[in-house]
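Topology and contacts: notes
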Amino acid sequence: MSDKLTLNSHKYNFTIFFLFLLVTLANYYIYVGFAIKPYMIFLIMFLIINIGLFYFQRLHLFEVAMLLFYLVYSFSGAFALYPASSIRIICGIILYIFCYFIMKSVIGNAKDSVIERALSDVGIFFNVASLTLYLVGLKSLGFVFEGDRVYQFGVMLDRDYPRLIGLLQDPNFFVFYNTLFFSYYLCNVKSLKNKLGLILCVFANILTFSRGGILVMALIFLLFIIIKNPIKQIKLVLGVAFSLFVTVYVAIVYMKFDIFGILQSRIEDLSQDGGSGRFELWGRALDFFSSHMIIGIGAFNYSEYNLFQYGDSLEVHNTFLDILSESGLVGMTCFCLFLFLLLFQLFQSKIHKNKPYLFLAFIGMILQMGFLSVIINDMFFMYIAIVTTYLYKESHELINKKTSLFSSLTTDKQILKMDVKYKGSDPTHEYSSHNG
């Protein structure tokens, strides 16, 4: 019986690993007006085959706020000038939420150690595969970096910059997906495997040449040092710096790849390109919001308005302004409430001490939302599912401890009461015998 349980446990460990792996394969999907991704198919099949394992956990308050936000955001589509776009995103939201609850149930059946091992393994695979595709792309381009929006395997040429996209479609989203892995390796750097994972994460993120992403990564690193005692982290800082120096040296000397020169150019371009045109897009979003302040222009309508008024269908590249323009003050209030309640519960459960990687990942993802449009995102939903699982288990263990303590106290009282009765009856017995 124990062998069978062990076998099943090993199978479930692989299930968690495979699920996390499929989430990182966001570039491979079936498009039907919205993207049907590999992990979604896997979750639905898993539910059909293992319907008995599914259970619905009690919702946390921040999850209620999250569902309220998506309800309000979807409702804004009723007033949209382009309803087809709203219907498309609403269908996507329904699918994402459905898969979120299945994912939450699947992860909820796994131990913390299994979840963290899967994060460690998948993070290494994700970065190794992405770096491999990047090198293959560079070689196929003959290391000639001329072009704009040219995609070759794991490389995207963006105004002559060879930016790493790896297994994804966008270099900025690559850093967003890598945030959870980077935070985990940073907080669990004692093992050799996690040290390797951290170096891979840092190097891959730098090769995206994402200014916002690299800045957020540096802020996460700084916040980690502050949380974990700066003096004790000197060895880690020196180790990462040395490993990065060696890697960059090999790239520059042997591959003739001037990483520092490209980074310098990217920083200098910031004053000329307006953050790759983001400042202009943000201004348009504020203009749309000013004319539809309460309920917004409608779910997923920014690109359509942008195309009609300015001749391009670019996204706003800012989640907060995206929500503000498309669902107005009502949607923005609900979204901020969701984030506030999530942050409050993270502090309430002392997750920054018990599981600091989850806290750092949250901060990193929220900061990157200022540069990306991630109203629905696979990695963010996976992160929320991991957090809710941890909080649920923590509260369950707390209840069990309280119940166990109460039972122990009750038992002690009963024993004490029986002992008192016994001692009290003995003199009476002796007195009666003496009188007899």
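Residues numbered from 1 in each chain as written. Predicted model: local features only at pLDDT ≥ 70, side-chain atom pairs only at ≥ 80, totals over all residues. Heavy atoms only, no water.

**Quick word on the side chain of Thr208**
Here Thr208 lies in the loop between α7 (192-207) and α8 (211-227). Taking the relative accessible area as the measure of exposure, Thr208 reaches 0% and is therefore buried. Those residues in contact with Thr208, other than ones at most four positions away along the chain, are Arg163, Leu164, Pro171, Phe174 and Val175. (Helix = DSSP H or I, 4+ residues; strand = E, 2+ residues; numbered from the N terminus. Buried < 20%, exposed > 50% of the residue type's maximum accessible area, 1.4 Å probe, protein only. Contact = heavy atoms within 4.5 Å.)

**Some details on the sheet that holds strand β4 (residues 155-158)**
The strand order β3-β4-β5 describes an open sheet built from three strands, whose pairing is antiparallel. Where the open sheet ends on each side, the last strands, each with one partner, are β3 (150-152) and β5 (161-164). Each strand axis lies, on average, 25° off the axis of its neighbour in the sheet, ignoring direction. Two strands pair when backbone bridges link them, and β4 and β5 are joined in this way by four bridges, in the antiparallel orientation. Within β5, the position partnered with Asp158 by the bridge is Tyr161. Along the sheet, helix α5 (residues 112-140) contacts β3, β4 and β5; its crossing angle with β5, the most-contacted strand, is approximately 155°. (Pairing = 2+ DSSP bridges. Axes fitted to C-alpha atoms, helices over the stretch in contact; angles between N-to-C directions.)

**Focus: the pattern of salt bridges**
Enumeration over the complete set of coordinates arrives at nine salt bridges. Residue Lys104 is joined to Glu63 by a salt bridge in which the shortest nitrogen-to-oxygen separation is 2.8 Å. Residue Lys104 is found in helix α4 (residues 83-108), and its partner Glu63 is found in helix α3 (residues 61-75); the two are separated by 41 residues along the sequence. You can call Lys104 buried: its relative accessible area is 2%. Where Glu280 meets Arg284, a salt bridge forms, and the shortest distance between an N and an O atom there is 2.7 Å. Placement of the pair is Glu280 and Arg284 together in helix α11 (residues 278-291), with a separation of four residues, close to one helical turn. Each of Asp158, Arg159 and Arg163 takes part in salt bridges that share partners, so that together they form one network. (Salt bridge = Lys/Arg side-chain N within 4 Å of Asp/Glu carboxyl O.)

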